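Coordinate inspection notes
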Amino acid sequence: MTAPPHFIYMLKFYYLCALKNKKEYIMALQCGIVGLPNVGKSTLFNCLSNAKAQAANFAFCTIEPNIGVITVPDERINKLSEIAKPQRVQPTTVEIVDIAGLVKGASKGEGLGNKFLANIRETDAILHVLRCFDDENVTHVDGSVNPVRDKEIIDVELQLKDLETIEARIGRVEKLAKTGQDKDAIRAFDVYSKIREVLLKGESARTVKFESKEDTKMANELYLLTSKPVMYVCNVDEDSAVSGNKYVDQLREAVKDENAEILVVAAKTESEIAELDTYEERQEFLSEIGLEESGVNRLIKSAYQLLNLKTYFTVGPLEVRAWTFEDGWKAPQCAGVIHTDFEKGFIRAEVIKYEDFISYGSENAVKEAGKMSVEGKEYVVQDGDVMHFRFNV
């Protein structure tokens, strides 16, 4: 009896997963670390480069001197692996890009600003590091510690660059829009004008809310610097690692209306933790300063959430793997993360909830208990789902 095509493809997939040098079908997602010079960006990036210190046995690898592929800490993949005992375990990842310090005038090319701003444009989200500690031995580029001022300096440079982009776009469509003949030009002029109005007020493009999906899509296609989601990373001293300090409080007040996340990290302390040899030593250090989890771990997880990302798993004897998808994606889209053929020829998805897999201890036990569901094209995949895709191409 001949096996059906979709079953053969599943076998081929599991075989390919076992090959060390196969092409990886993953979402290349990047978070850019930005900030003024001497605020702790490089220290933080170096801590991330030693991510194995907080991410069990999963290593960090460097693509270029300033880009690191960081594994997203997720205890669920460890527990699934303990049950399946696969030959290979592959967690999900996010790329972190260390962008050199911006300065006043970057939007006009100061301090090689054009190159740095181009690097930011290529990222999906921004991790804005702000100095929130006093140290006479570390010079501040503007002479004093003031995270709110520092934030505004970076904001202005990004907004000016976006305004330059918007003015150029408006110039292309304004004449056509005013004739009233070109509907696309009218829509574009309206979208661009709303963004320009906000930027001229000294606010970021991400604050503009559009009523229609078409307008939102058009705005997103501009790839504006200030439209990217942002997380403010407050770099504090060790004594402030748990509860923050006056500088963190000042920043919280300044960004309360931005719908932005704030994370408190003691980068210098994190670098000391990363140098410890064993997991037990690192956990003991964290306990001594009152933390349950390292700041680097929290930052990686928060960066993943900042991008509105979720994780589903595939579990088999050759590989247990975490796959990244955007919140709200349906089963065929998620299948396409593995390979485009999976989405094109999607038939159905066999879904096991993570909790059920752990509770029953195996896929067969879950099936026998009637806890595995068969879902079609309209199924919205949930974080933690264990998936098998059936397809035919």
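Within each chain, residue numbers correspond to sequence positions counted from 1 in written order. Totals for whole chains, interfaces and linings use all residues, but because this is a predicted model, local features are given only for residues with pLDDT of at least 70 and pairs of side-chain atoms are given and counted only at 80 or more. Think of the side-chain values as coming from all heavy atoms in the structure, minus any hydrogens and water.

All right, on to the overall build of the chain then. A run of H or I in DSSP becomes a helix once it reaches four residues, and a run of E becomes a strand once it reaches two; helices and strands are each numbered from the N terminus. Counting secondary structure elements, the chain contains 15 helices and 13 strands. Between buried and exposed lies partly exposed: a residue is buried under 20% and exposed over 50% of the maximum accessible area for its type, with that area taken using a 1.4 Å probe on protein chains only. Counting only residues that meet the buried cut, the chain has 50% of its 393 residues in that class. Here, residues are in contact when the closest pair of their heavy atoms is within 4.5 Å. Across the chain, contacts joining residues at least 24 apart in sequence account for 71% of those joining residues at least 6 apart. As displayed, the chain offers around 19,800 Å² of accessible surface, 49% of which is attributable to carbon and sulfur atoms. Exposure was quantified through the Shrake-Rupley algorithm and a 1.4 Å probe, taking into account, for residues, occlusion by the shown protein chains and nothing else.

Residues C31, L48, I96, I120, L127 and L299 are the most contacted members of the largest nonpolar core, which totals 58 residues. Among the elements that line this core, the one with the most residues is helix α11 (residues 295–306), at six residues. In this structure, C31 is in contact with V94, E95, I96, V97, T123, A125, L127, A303 and L307, ignoring residues within four places of it in sequence. Counting 19 residues, the second-largest nonpolar core is a separate cluster that includes V173, V198, V208 and L224. As used in this record, nonpolar core signifies buried Ala, Val, Leu, Ile, Met, Phe, Trp, Tyr and Cys residues forming a set joined through side-chain atoms within 4.5 Å.

Moving on to the confidence of the model for the chain. On a range of 0 to 100, pLDDT expresses the predictor's confidence in each residue. On average, the chain scores 82 in pLDDT, and the residues at 70 or more come to 83%. Below a pLDDT of 50 lies the segment residues 1–26, which in the model reaches 41 contacts outside its immediate sequence neighbourhood of four places, other chains included. Counting interchain partners and residues more than four positions distant, the pLDDT-below-50 stretch residues 51–65 has 32 contacts.

With that out of the way, let us pick up helix α5 (residues 147–179). Here α5 is 33 residues long and its end C-alpha atoms lie 47 Å apart, about the 48 Å a rise of 1.5 Å per residue gives. Take the seven residues that end at a residue and the seven that start at it, fit an axis to each, and the angle between those axes is the bend at that residue. If you look at α5, its biggest bend is around 45°, right at V173. Downstream of α5 by one or two residues, G180 has phi in the positive range, about 75°. One less than the residue count of a helix, multiplied by 1.5 Å, gives the span that helix is expected to have.

Most of strand β6 (residues 125–131) is tucked away: seven of the seven residues are buried. Residue alternation in β6 divides its side chains into two sets, A125, L127, V129 and R131 and I126, H128 and L130, and both sets are buried. As paired elements, strand β1 (residues 30–34) and β6 share four bridges and run parallel to each other. Note that in β6 the partner of G32 across the bridge is I126. At least two bridges found by DSSP between two strands is the condition for calling them paired. Across six bridges, β6 lies against strand β7 (residues 230–235) in parallel orientation. Bridged to H128 within β7 is Y232.

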